[in-house]
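Here's the letter readout for the chains.
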Amino acid sequence: MSSGKRLQVLNSHISSGGLHQNPTAMASEKDAALTAVPSDSPTIFDKIINKEIPANVVYEDDKVLAFRDIAPQAPTHILLIPKVKDGLTGLSKAEERHSEILGHLLYTAKVVAKQEGLEEGFRIVINDGPNGCQSVYHIHVHLLGGRQMNWPPG
């Protein structure tokens, strides 16, 4: 998928409020994931980090930015991203040098979950690659909560 087409899909989520309330919207996200081209190029997340695109930020430190997902799949759905990608487009691209930021992302997810009042539990998801439904190639952690999760997922 060209970056222009990918941005069009993401912009449609933004302009529609991003709610996946119908199967077509869900199919569009899956299609976006299946056609997204893994790349180290700047992503929509880089634009959020650089304040070029607004986001509902719930947590920020020197390494991580956490903001509400524009297409929430649970009452609480927050994305946590490293501020510096450093080649970490997905978990399968992780190298030993990424251990610290990966640990910090998970610890920060715990901090944000507490901040959001998710004492009863929450789910952490990292989509990786086309079959994992990754549509943005800048590693990110989904923090989902506020409802009973089901098993198996997806």
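First, a word on what this report is: a plain description of the structure on this page. In this convention, every chain numbers its residues from 1, walking through the sequence in written order. Only residues with pLDDT of at least 70 get local features here, since the model is predicted, and only at 80 or more are side-chain atom pairs given and counted; chain-wide, interface and lining totals rely on the full set of residues. Values reported for side chains reflect all heavy atoms of the structure, with hydrogen atoms and water molecules removed beforehand.

1. Description of the overall build of the chain
For helices the rule is a DSSP run of H or I covering at least 4 residues; for strands it is a run of E covering at least 2, with both sets numbered from the N terminus onward. Helix and strand counts for the chain stand at 4 helices and 5 strands. Reading the helices (α) and strands (β) of the chain from amino to carboxyl end gives α-α-α-β-β-β-α-β-β. Each residue is placed in one exposure class: buried if its accessible area under a 1.4 Å probe, protein chains only, is under 20% of its type's maximum, exposed if it is over 50%, and partly exposed if it falls in between. Within the chain, buried positions represent 41% of all 154 residues. We call two residues in contact when some of their heavy atoms are within 4.5 Å. Taking as baseline every contact in the chain between residues at least 6 positions apart, the subset at least 24 positions apart corresponds to 61%. For the accessible areas, the method is Shrake-Rupley and the probe is 1.4 Å, while residue cover comes only from the protein chains on display. Within the structure as shown, the chain displays about 8700 Å² of accessible surface, and the carbon and sulfur contribution to it stands at 54%.

2. Details of the sheet that holds strand 1 (residues 57-60)
Paired strands are those between which DSSP finds at least two bridges. Sheet architecture is open: 5 strands sit in the order 1-2-3-5-4, paired in antiparallel fashion. In this open sheet, the two strands that pair with only one neighbour each are strand 1 and strand 4 (122-125). With strand direction ignored, the average angle separating the axes of adjacent strands in the sheet is 20°. As paired strands, strand 4 and strand 5 (residues 141-145) are joined by 4 bridges and run antiparallel to one another. Residue Phe-122 lies in a different strand from strand 5, and its bridge partner there is Gly-145. What counts as an axis is a line fitted to C-alpha atoms, over the stretch in contact for a helix, and the angles between N-to-C directions run from 0 to 180 degrees. Across the sheet, helix 4 (residues 99-115) lies against strand 1, strand 2 (64-68), strand 3 (76-82), strand 4 and strand 5, angled at about 150° from strand 3, the strand it touches most.

3. As for the pairing of strand 3
For strand 3, a buried count of 7 out of 7 residues is recorded, marking the element as mostly surrounded by other parts of the structure. Bridging between strand 2 and strand 3 involves 5 bridges; their strand directions are antiparallel. Looking at the pairing, Phe-67 lines up with Leu-79 of strand 3. Sheet topology places strand 3 next to strand 5; 5 bridges connect them, and they run antiparallel.

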